[in-house]
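Okay, here's what each chain looks like letter by letter:
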Amino acid sequence: DIQMTQSPSTLSASVGDRVTITCRASQSISSWLAWYQQKPGKAPNLLIYKASTLQSGVPSRFSGSGSGTEFTLTISSLQPDDFATYYCQHYNSYPYTFGQGTKLE
Amino acid sequence: QVLLVESGGGVVQPGRSLGLSCAASGFTLSTYAMHWVRQAPGKGLEWVAVISYDGSNKYYADSVKGRFTISRDNFKNTVYLQLDSLRDDDTAVYYCARGWGSNSLYYFDLWGQGILVTVSS
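Procedures and definitions
- Residues numbered from 1 in each chain as written.
- Chains lettered and ligands numbered in written order.
- Predicted model: local features only at pLDDT ≥ 70, side-chain atom pairs only at ≥ 80, totals over all residues.
- Heavy atoms only, no water.
- Core = buried A, V, L, I, M, F, W, Y, C linked by side-chain atoms within 4.5 Å.
- Buried < 20%, exposed > 50% of the residue type's maximum accessible area, 1.4 Å probe, protein only.
- Salt bridge = Lys/Arg side-chain N within 4 Å of Asp/Glu carboxyl O.
- Helix = DSSP H or I, 4+ residues; strand = E, 2+ residues; numbered from the N terminus.
- Polar contact = N/O pair within 3.5 Å; in protein donor to acceptor, adjacent residues only side chain to side chain.
- Contact = heavy atoms within 4.5 Å.
- Pairing = 2+ DSSP bridges.
- Axes fitted to C-alpha atoms, helices over the stretch in contact; angles between N-to-C directions.
- Buried area = accessible area lost by both parts, 1.4 Å probe.
- Nonpolar A, V, L, I, M, F, W, Y, C, P; charged D, E, K, R; others polar.

Here we come to the nonpolar core. One finds Phe98 of chain A together with Leu20, Trp36, Leu81, Tyr94 and Phe108 of chain B to be the most contacted residues of the largest nonpolar core, which totals 50 residues. By size, the runner-up hydrophobic cluster in this structure holds 24 residues, among which are Met4, Val19, Cys23 and Leu33 of chain A.

Right, let's get into the pattern of salt bridges. Residue and element names in this part refer to chain B. Summed over the entire model, instances satisfying the criterion amount to 9 salt bridges over all chains. Across the pair Asp90 and Arg38 runs a salt bridge whose closest N-O atoms are separated by 2.9 Å. With Asp90 in the loop between strand S8 (78-83) and strand S9 (92-102) and Arg38 in strand S4 (residues 33-39), this pair connects stretches of sequence that are 52 residues apart. Using a relative accessible area of 0% as the deciding quantity, one classes Asp90 as buried.

On to the side chain of Thr102 of chain A. All names here are of chain A. Within the secondary structure, Thr102 sits in strand S11 (residues 102-104). Owing to a relative accessible area of 0%, Thr102 belongs among the buried residues under this scheme. A polar atom in the side chain of Thr102 sits 2.6 Å from the backbone oxygen of Pro8. If sequence neighbours within four positions are ignored, Thr102 has contacts with Gln6, Ser7, Pro8, Ser9, Leu11, Ile21, Ala84, Thr85 and Tyr86.

Next up on the list: the pairing of strand S4 (residues 33-38) of chain A. Residues and elements named next belong to chain A. For S4, the buried fraction is high: 6 of the 6 residues fall into the buried class. Covered by surrounding structure in S4 are Leu33, Trp35 and Gln37 together with Ala34, Tyr36 and Gln38, the residues of both alternating faces. Bridge count between S4 and strand S9 (residues 85-90): 6 bridges; the pairing is antiparallel. Across the sheet, the residue bridging to Trp35 is Cys88, located in S9. By the bridge criterion, 3 bridges tie S4 to strand S5 (residues 45-49) in an arrangement that is antiparallel. Pairing of Gln37 across the sheet is with Asn45, part of S5.

Residues and elements named next belong to chain B. What the 4 strands build is an open sheet, ordered S1-S3-S8-S7; its pairing is antiparallel. At either end of the open sheet lies a strand with only one pairing partner, and these are strand S1 (3-7) and strand S7 (68-73). The sheet shows a mean angle of 15 degrees between the axes of neighbouring strands, taken without regard to direction. Looking at chain direction, strand S3 (residues 18-25) and S8 are connected through 6 bridges and run antiparallel. What sits directly across from Leu20, in S8, is Leu81.

Attention now goes to the pairing of S1 of chain B. Regular strands have side chains that alternate between both faces of the sheet. Residue and element names in this part refer to chain B. The two faces of S1 differ: Leu4 and Glu6 on one face are buried, but Leu3, Val5 and Ser7 on the other face are not. As paired elements, S1 and S3 share 5 bridges and run antiparallel to each other. Within S3, the position partnered with Val5 by the bridge is Ala23.

Before going further, it helps to examine the interface of chain A and chain B. Opposite the 19 residues of chain A that make contact, chain B presents 20 residues. With both sides pooled, the region where chain A packs onto chain B buries about 1700 Å², and carbon together with sulfur makes up 67% of that total. For the chain A face of the interface with chain B, the top three residues by lost area are Tyr94, Tyr96 and Phe98 of chain A, together amounting to 37%. The tally of links from chain A across to chain B stands at 0 salt bridges. Looking at the side of chain A that touches chain B, the elements that each hand over two or more residues are S4, S5 and S9 of chain A. With 3 residues, S4 of chain A is the largest single contributor of residues to the side of chain A that touches chain B. Of the residues contributing to the side of chain A that touches chain B, the split by class is 13 nonpolar, 4 polar and 2 charged.

This is the structure we're talking about:
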């Protein structure tokens, strides 16, 4: 199985900051990577797919990059609504796996 | 309105069974692969199972293989997850999710609100 490792596990930041979350795959997954945002008590929400494609309706301050085994999610200027937990997920092959999550506080 | 709504959760004893349903509305379920993803209390997300748009292909996480069964009824716009031989570590919120993509390369563009399954004696 492909393992996904996110870092950091927790990220402390302030409104207006630029933040970056990293996700590493244990083997190449090409660009088959998605990023989700989850708020407490809610379902995850898709932000980015195919490593760098912004889902419709997602603010442009979110961006993704990478391919192969190294990926990043960047929020260019943090807004109050962005404080949440973020997960990467590969969909290269079954079983799909998620990173352990990054809590942005 | 495009929606997925899960039902059927609750408290069940270890070793017993439970059936979950996921009703789709606002879109044609029969054109999408559908997945179940779970989240144990305070933990991360775990992919559980997928069923192809026509039900012909199914895949499971190793942790549930042989105990859980995914199925669908496209005429009823509903996807199911049968949970058998439940264990304490199956306690989680279970989400159904729509797979967008093709050729087993799906990301989840629509999620249900989740349903809690608690396995406890």
